[in-house]
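Structure assessment
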Amino acid sequence: MSGRTARMTRPGIVALLITAIAGCGGDPQVDQGAPDNPGGVIVSDDSGPYIGAEPPRPYSMPDITLTATNDRDFNLRTDTGYPVTLVFYGYTHCSDVCPLVMSDLTSTLLQLPEDVRAQTQLVFVTTDPARDTPDVLRSYLDRYNPDFVGLTGSLRDVVTAADSMGVAIEGRHKLSSGGYDVGHGAQVIGFHDDQAPVIWTEGTPVADMVSDIEKLAAS
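In what follows, the accompanying structure is described. (Residues numbered from 1 in each chain as written. Predicted model: local features only at pLDDT ≥ 70, side-chain atom pairs only at ≥ 80, totals over all residues. Heavy atoms only, no water.)

If you walk through the whole model with that rule in mind, you get 2 salt bridges. Asp128 serves as the salt-bridge partner of Arg131, at 2.5 Å between the closest nitrogen and oxygen. Under the relative-accessibility criterion, Arg131 is labelled partly exposed at 21%. Overall, Asp128 belongs to the buried group, its relative accessible area being 2%. The salt bridge involving Asp142 is made with Arg138; its shortest N-O contact spans 2.9 Å. Of this pair, Asp142 and Arg138 are both found in helix α3 (residues 134–142), 4 residues apart, which corresponds to roughly one turn of the helix. The exposure class of Asp142 is partly exposed, given its relative accessible area of 40%. (Salt bridge = Lys/Arg side-chain N within 4 Å of Asp/Glu carboxyl O. Buried < 20%, exposed > 50% of the residue type's maximum accessible area, 1.4 Å probe, protein only. Helix = DSSP H or I, 4+ residues; strand = E, 2+ residues; numbered from the N terminus.)

Those residues of α3 lying buried are Pro134, Leu137, Arg138, Tyr140 and Leu141. Taken end-on, α3 shows its buried residues confined to a sector of 165 degrees, consistent with a single buried face. Looking at the buried residues of α3, the elements they touch are β6 (65–68), α1 (97–111), β9 (120–126) and β10 (149–152). (Arc of directions from axis to C-beta. Contact = heavy atoms within 4.5 Å.)

With that settled, the discussion passes to the packing of aromatic side chains. Following the criterion strictly, the structure yields 3 aromatic pairs and no others. On the numbers, 5.5 Å between centres and 65 degrees between planes, the contact of Tyr140 with Tyr144 is edge-to-face. Grouped by ring-pair contacts, the aromatic residues Phe88, Phe124, Tyr140 and Tyr144 constitute a single cluster. A cation over a ring is seen here: Arg131 above Tyr180, with NZ or CZ 3.7 Å from the ring centre. For Arg172, the ring lying beneath its charged end belongs to Tyr180, and the centroid distance is 4.2 Å. (Phe/Tyr/Trp six-rings, centres within 6.5 Å; stacked < 30°, edge-to-face > 60°. Lys NZ or Arg CZ within 6 Å of the ring centre and 35° of its normal.)

As structure tokens, this is what we get:
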């Protein structure tokens, strides 16, 4: 199951994006949206500077403190000190969507110009804090890039942070094996300082993300 979004683009017509929940086993549902974006519909026209989706108003980085892989507090607003921060919600047991998105993000950062890459950080927030301890997260992220930031915390805080960025976390889906999957939105949110004017859905070409991140860094 994927977290793809459908984009309809016609000259002079507003594009609508409806964000589905990435499954890793769950049934697709429409994201009901963050409190400041009810209905789960992201409105964007084609006149904006970014290739990715542009919300009606940029999302604000929430003032929420989670726990980093070094067991220290990490405040999403005050500790994301890079000019550009990419935020992705996923979990280490995800077998399909998350590895694809993480691989694309790893390739994206490698293809950025060196000066832009030096201004960019990636933050991975687990949607499965019951299993994703700091050590588990660190081991997982090191497979992609040891500089990636991993965050865990209470499920309530994770959901609150995700809601503020328009990312839905559906919860657990029991498996016949006795384990569970976690349904979650698969979009990547691109912040410049504390504001996110662009979102990339699962399957966005790496070249498009590279182009948009360069624009973010220059904004």
